[in-house]
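# Survey of secondary and tertiary structure
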Amino acid sequence: MRALIQRVTEAAVRVDGETLGEIGPGLLVLVCAMADDGEANADKLAAKIARLRIFKDEAGKMNRALLDTGGAALVVSQFTLAADTSRGNRPGFSTAAAPAEGERLYHHFADRLRAEGITVAQGRFAADMKVSLVNDGPVTIWMEA
């Protein structure tokens, strides 16, 4: 499973002008299930993200996790994280999970974050979404599990 996480002061996702999810301070998590992923990958990634120390402490050092700050996560499916750009100019996405499995693992991942104690807002799987955010720092981190 792949994720691109961004520390944000706020983020929102909209479909056809309707706001599906929005958060204040926390993390925007763009997530993609890969063809060989299973629930164990989603579980590991969720646990790691909940505990990743990328928020500032009193001394201004990145030493606090999402769990420590009480921040939320906006989880958005993004199969394009599976892009293979090694050949030609058009990315291939054959390494992404099949749509049904990708959707199942996307929801499982969001549920695991909730089980970790994180407030989670979500987009809509396979929808044409408009995501807005204010990146804090900026802090942007690529993760795989």
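Right, let's walk through the structure included here. (Residues numbered from 1 in each chain as written. Predicted model: local features only at pLDDT ≥ 70, side-chain atom pairs only at ≥ 80, totals over all residues. Heavy atoms only, no water.)

### Some points on the overall build of the chain
A count of helices and strands for the chain gives 3 helices and 8 strands. Counting from the amino terminus, the chain carries its helices and strands in the arrangement β-β-β-α-β-β-α-β-α-β-β. The C-alpha atoms of the chain give 15 Å as radius of gyration, which agrees with the globular expectation for 145 residues (15 Å, within 12%). If you line up the chain on its principal axes, its C-alpha atoms span 45 × 35 × 30 Å. Pairs at least 24 apart in sequence give 72% of the contacts found in the chain among residues at least 6 apart. Here the chain displays about 7700 Å² of accessible surface, and carbon together with sulfur accounts for 48% of that area. In the chain, 17 positive and 19 negative side-chain charges are present, and the distance between their average locations comes to 5 Å. (Helix = DSSP H or I, 4+ residues; strand = E, 2+ residues; numbered from the N terminus. Rg over C-alpha atoms; globule rule 2.2 N^0.38 Å. Contact = heavy atoms within 4.5 Å. Areas by Shrake-Rupley, 256 points an atom, 1.4 Å probe, with all protein chains shown as cover. Lys, Arg positive; Asp, Glu negative; His and termini not counted. Charge placed at Lys NZ, Arg CZ, Asp CG, Glu CD.)

### Here we look at the packing of aromatic side chains
Inspection of the entire model under this criterion finds 2 aromatic pairs. Centre to centre, the rings of Phe79 and Phe93 are 4.9 Å apart; their planes meet at 65 degrees, and the pair counts as edge-to-face. Separated by 14 residues along the polypeptide, Phe79 in the loop between β6 (72-77) and α3 (99-115) and Phe93 in the loop between β6 and α3 bring together distant segments of the chain. Given the relative accessible area of 48%, Phe79 is considered partly exposed. Aromatic pair Tyr106 and Phe125: ring centres 6.0 Å apart, planes at 40 degrees, arrangement tilted. Of this pair, Tyr106 sits in helix α3 while Phe125 is found in the loop between β7 (119-122) and β8 (130-144), placing the two residues 19 residues apart along the sequence. Assessed through its relative accessible area of 2%, Tyr106 is described here as buried. (Phe/Tyr/Trp six-rings, centres within 6.5 Å; stacked < 30°, edge-to-face > 60°. Buried < 20%, exposed > 50% of the residue type's maximum accessible area, 1.4 Å probe, protein only.)

### Here we look at the environment of Leu67
Counting through the fold element by element, Leu67 comes out in helix α2 (residues 66-69). For Leu67 and Ile118, which are 51 residues apart along the polypeptide, the C-alpha to C-alpha distance reads 6.7 Å. What Leu67 contacts, discounting residues up to four positions off in sequence, is Ala50, Arg51, Glu116, Gly117 and Ile118.

### Here's the deal with the layout of surface pockets
Within this model, the largest pocket holds a volume of roughly 410 Å³. Along the wall of the largest pocket there are 22 residues; nearest its centre are Ser77, Gln78, Phe79, Thr80 and Ala126. Among the secondary structure elements, those contributing two or more residues to the lining of the largest pocket are β3 (26-32), β6 and α3. In terms of residue count, β3 provides more of the lining of the largest pocket than any other element does, 4 residues in total. Taken together, the residues of the lining of the largest pocket break down into 17 nonpolar, 4 polar and 1 charged. (1 Å grid on protein atoms, 1.4 Å probe; cavity = no way out; pocket = protein on both sides within 12 Å on 5 of 7 lines; lining within 4 Å. Points joined across faces, edges and corners; volume = space filled by probe spheres on them. Nonpolar A, V, L, I, M, F, W, Y, C, P; charged D, E, K, R; others polar.)

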